[in-house]
Amino acid sequence: MEALGVVLPIIIYLLLIILLVIVIILGVKLIITIDKVNKIVDCIKEKVDALNGMFKIVNFASEKLNFLSIKVVDTVVSLVNKIFGLNGKDEDDYE
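Notes on the structure follow. This is a predicted model, so every value here is computed, not measured. (Residues numbered from 1 in each chain as written. Predicted model: local features only at pLDDT ≥ 70, side-chain atom pairs only at ≥ 80, totals over all residues. Heavy atoms only, no water.)

### A short note on the overall build of the chain
For step 1, the next point in the chain: Broken down by element type, the chain carries 1 helix and 0 strands.
For step 2, the next point in the chain: Computed over C-alpha atoms, the radius of gyration of the chain comes to 37 Å, more than 25% over the 12 Å expected from 2.2 N^0.38 for 95 residues, which places it beyond the range of a compact globule.
For step 3, the next point in the chain: Each of the three principal axes of the chain carries a C-alpha extent, and together these read 110 × 45 × 10 Å.
For step 4, the next point in the chain: Split into buried and exposed, the 95 residues of the chain put 0% on the buried side. (Helix = DSSP H or I, 4+ residues; strand = E, 2+ residues; numbered from the N terminus. Rg over C-alpha atoms; globule rule 2.2 N^0.38 Å. Buried < 20%, exposed > 50% of the residue type's maximum accessible area, 1.4 Å probe, protein only.)

What follows is the structure, encoded as structure tokens:
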């Protein structure tokens, strides 16, 4: 019984030392992995920032095309209304 009281704490201390070494190694590997991920994220951010100008140009062009198409449709609708003599009022408006 006395031998067990002496040997058991030694085994527990050895296991705790091994666990502490494993945790330290995993912590160092985690720090290295996070540094690599941060470098990749910075690289991606630079590339996306470089594309922002192109996205602004595409957005501007699409807004202008949308404005132009709305004007063309309004002109055609007003021309058709003038040709057929429509006022733009529905029959439901008279009730």
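### Description of the pattern of salt bridges
For step 1, the next point in the chain: Tallied over the entire structure, the rule returns 1 salt bridge.
For step 2, the next point in the chain: Of the charged contacts in the structure, one is a salt bridge between K45 and D49, with a shortest N-O distance of 3.1 Å. A residue pair is termed a helical-turn pair when its members lie 3 or 4 positions apart in one helix, as K45 and D49 do in helix α1 (residues 2–84) at 4 residues.
For step 3, the next point in the chain: The class for K45 is exposed, based on a relative accessible area of 51%.
For step 4, the next point in the chain: D49 gets classed as partly exposed once you look at its relative accessible area, which sits at 41%. (Salt bridge = Lys/Arg side-chain N within 4 Å of Asp/Glu carboxyl O.)

### Here's the deal with α1
For step 1, the next point in the chain: Largest kink in α1: about 30°, centred on N52.
For step 2, the next point in the chain: Looking one or two residues beyond α1, the residue adopting positive phi is G85, at roughly 70°. (Bend = angle between axes of the 7 residues up to and from the residue.)

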